[in-house]
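# Close look at the chain arrangement
Chain by chain, the residues run as shown.
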Amino acid sequence: MSNPTTTSDPILPEVKMNLAPPSAPITGRVVSNDMCLKGKSNSYVRHTEIDITGTAIAGNFIVGQSFGVIAPGVDEKGKPHKVRLYSIACPKWGEDGQGNVISTTPKRVLEEYKPQKKTDDQIRHTLFIGVCSNFLCDLNPGDEVQITGPAGRRFLLPANTADHDYIFLATGTGIAPFRGMVKELLENPEGPCKSQIHLVMGAPYDTDLLYDELFADFATKHDNFHYHTAISREIRPDGSRGIYTHHCIDEKIETFRPLLENERTLIYICGIQGMQTGLYQVLATNGLSDAYLTIADDWADLNPKDWPWAEIKRNVRPTPRCMVEVY
Ligand code: NAP
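Residues numbered from 1 in each chain as written. Predicted model: local features only at pLDDT ≥ 70, side-chain atom pairs only at ≥ 80, totals over all residues. Heavy atoms only, no water.

### Points about the packing of aromatic side chains
This structure, assessed with the given rule, holds ten aromatic pairs. Ring geometry for Phe 155 versus Phe 178: centroids 6.0 Å apart, planes at 50 degrees, classification tilted. Separated by 23 residues along the polypeptide, Phe 155 in the loop between β8 (144–151) and β9 (165–171) and Phe 178 in helix α2 (residues 176–186) bring together distant segments of the chain. With respect to burial, Phe 155 and Phe 178 carry one shared label: buried. Here Tyr 166 and Phe 168 contribute two aromatic rings whose centre-to-centre distance is 5.8 Å and whose plane-to-plane angle is 25 degrees, an arrangement assigned as stacked. With respect to class, Tyr 166 is no different from Phe 168; both count as buried. Members of the aromatic cluster, each reached through a chain of ring pairs, are Phe 155, Tyr 166, Phe 168, Phe 178 and Tyr 268. Just above the ring of Tyr 113 sits the side chain of Arg 124; from NZ or CZ to the centre is 3.8 Å. (Phe/Tyr/Trp six-rings, centres within 6.5 Å; stacked < 30°, edge-to-face > 60°. Helix = DSSP H or I, 4+ residues; strand = E, 2+ residues; numbered from the N terminus. Buried < 20%, exposed > 50% of the residue type's maximum accessible area, 1.4 Å probe, protein only. Lys NZ or Arg CZ within 6 Å of the ring centre and 35° of its normal.)

### Thoughts on the pattern of salt bridges
On inspection of all chains with the given rule, the structure shows 13 salt bridges. Between Glu 187 and Lys 183 there is a salt bridge; the shortest N-O distance is 3.3 Å. Glu 187 gets classed as partly exposed once you look at its relative accessible area, which sits at 33%. Among the ionic pairs, Glu 251 bridges to Arg 236, the shortest N-O distance being 2.6 Å. Note that Glu 251 is positioned in helix α4 (residues 245–251) and Arg 236 in the loop between β11 (225–231) and α4, a separation of 15 residues in sequence. With a relative accessible area of 47%, Glu 251 lands in the partly exposed category. By relative accessible area, Arg 236 is classed as partly exposed at 25%. The network of salt bridges with shared partners includes Lys 38, Asp 206 and Asp 212. (Salt bridge = Lys/Arg side-chain N within 4 Å of Asp/Glu carboxyl O.)

### As for the site of the ligand
In the vicinity of the ligand, 20 residues are found, and the nearest of them are Lys 107, Ser 232, Arg 233, Tyr 244 and Tyr 327. One of the side-chain N or O atoms of Ser 232 is found 2.7 Å from an oxygen atom in the ligand. Between an oxygen atom of the ligand and a side-chain N or O atom of Tyr 244, the distance comes to 2.6 Å. Put simply, the ligand lies in the largest pocket. The set of elements that each furnish at least two residues to the shell around the ligand consists of β12 (265–271) and β15 (322–326). (Near = heavy atom within 4 Å. Polar contact = N/O pair within 3.5 Å; in protein donor to acceptor, adjacent residues only side chain to side chain. 1 Å grid on protein atoms, 1.4 Å probe; cavity = no way out; pocket = protein on both sides within 12 Å on 5 of 7 lines; lining within 4 Å. Sits in = over half its atoms within 2 Å of the grid points.)

### Side note on empty space enclosed by the protein
For the coordinates displayed, the defined rule picks out one cavity of 30 Å³ or more. As a volume, the largest cavity reaches approximately 30 Å³. What lines the largest cavity is Ile 167, Leu 169, Ile 249, Leu 260, Ile 267, Leu 279 and Leu 283. Of all the secondary structure elements, the ones that give two or more residues to the lining of the largest cavity are β9 and α6 (275–285). For the lining of the largest cavity, the per-class residue count stands at seven nonpolar, no polar and no charged. (Points joined across faces, edges and corners; volume = space filled by probe spheres on them. Nonpolar A, V, L, I, M, F, W, Y, C, P; charged D, E, K, R; others polar.)

### Quick look at the environment of Glu 144
Within the secondary structure layout, Glu 144 lies in strand β8. According to the relative accessible area criterion, Glu 144 is partly exposed, its value standing at 45%. Residues Glu 144 and Ile 26, 118 residues apart in the sequence, show an inter-C-alpha distance of 10.0 Å. Setting aside residues no more than four positions away along its own chain, Glu 144 makes contact with Thr 27, Gly 28, Arg 29, Phe 135 and Leu 139. Here the side chain of Glu 144 touches Arg 29 through a polar contact of 2.9 Å, side chain to side chain. (Contact = heavy atoms within 4.5 Å.)

### Quick word on the sheet that holds β9
Strand order in the open sheet made by the five strands is β11-β10-β9-β12-β15, with parallel pairing throughout. Strands at the two margins of the open sheet, each flanked by one partner only, are β11 and β15. The average angle at which neighbouring strand axes cross in this sheet is 10 degrees, direction not considered. Pairing geometry for β9 and strand β10 (residues 197–203), over six bridges, is parallel. Bridge pairing in β10 links Thr 171 to Gly 202. On the sheet, helix α3 (residues 212–221) packs against β10 and β11 and is oriented at approximately 140 degrees with respect to β11. (Pairing = 2+ DSSP bridges. Axes fitted to C-alpha atoms, helices over the stretch in contact; angles between N-to-C directions.)

Structural data, given as structure tokens:
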């Protein structure tokens, strides 16, 4: 167990790491590979379940960790594809209850080629298809996958889940670990966790919400689970513009304030790079940042709304009660 720095800091469990290194991946077999978007969308996101029975990783991962996937074939330089990491989307007992079926949430990468530097072809705009996520999305039940891992020792549920309340903020496929965490909290074989759990899910359009039916169902069945959505590109019924996850917290600050002031509460942020800074500003503006952020001394007198964007990362750092996994 890692040592907390204050009594309300989470005590994180020990984890196993790299039981299957890139030099000796294990072979998993796809069990299912179904779309997990709420509705018709321009995106393609799947929930992929992979059987890893009898391998070193089976039963030896926990939610919040990732596993690696090695796509078959070689890259444009003729070298084997590198490992790509995917967040585990299931609780520690896996999809099967025994830790033998692991899952994740791959999204197809379909973009136009964009020049990155001056020496790149400046007029090329052909279709660019990401290697590994498209490989995963293409798979059918029975297909084999080379898997490494597990990886990650920081973005975890605390060892004693009942000691804390939870605010989870996700954008897009950043929802993957929270599917696993919410299932771990609410579907525990020893009974559901009674802690307060708020999930704020951000997506461009309502139809892009992931695992929406599952979370709506949990919210119906568990009084302590609260499901919020932040849709960024749709005009809302009152005529206002779409919102990001931190706007949702700001708009409902009187609901969140007692929770954020409570020393039990942990914040988890997962998804698009930059999503954390909006939340940092909302916390600081509302006088709620002390437990979650360490702000540089010479920024103490600045209005958080005026924080220079490019310098936030250097001057505002999350405490152990605010866990951030963005890229
Ligand atoms: P997506 O469907 O495009 O949704 C992203 C949402 O976030 C959109 O509604 C977007 O709004 C909004 N957004 C953009 N900037 C934001 C900001 N500064 N603050 C809050 N919200 C913001 O998402 P996606 O394509 O699945 O991408 C998800 C990202 O999560 C990827 O970058 C992926 O690499 C990352 N991810 C990380 C992990 C991890 O670290 N373990 C796991 C999974 C995914 P607009 O586009 O309308 O501006």
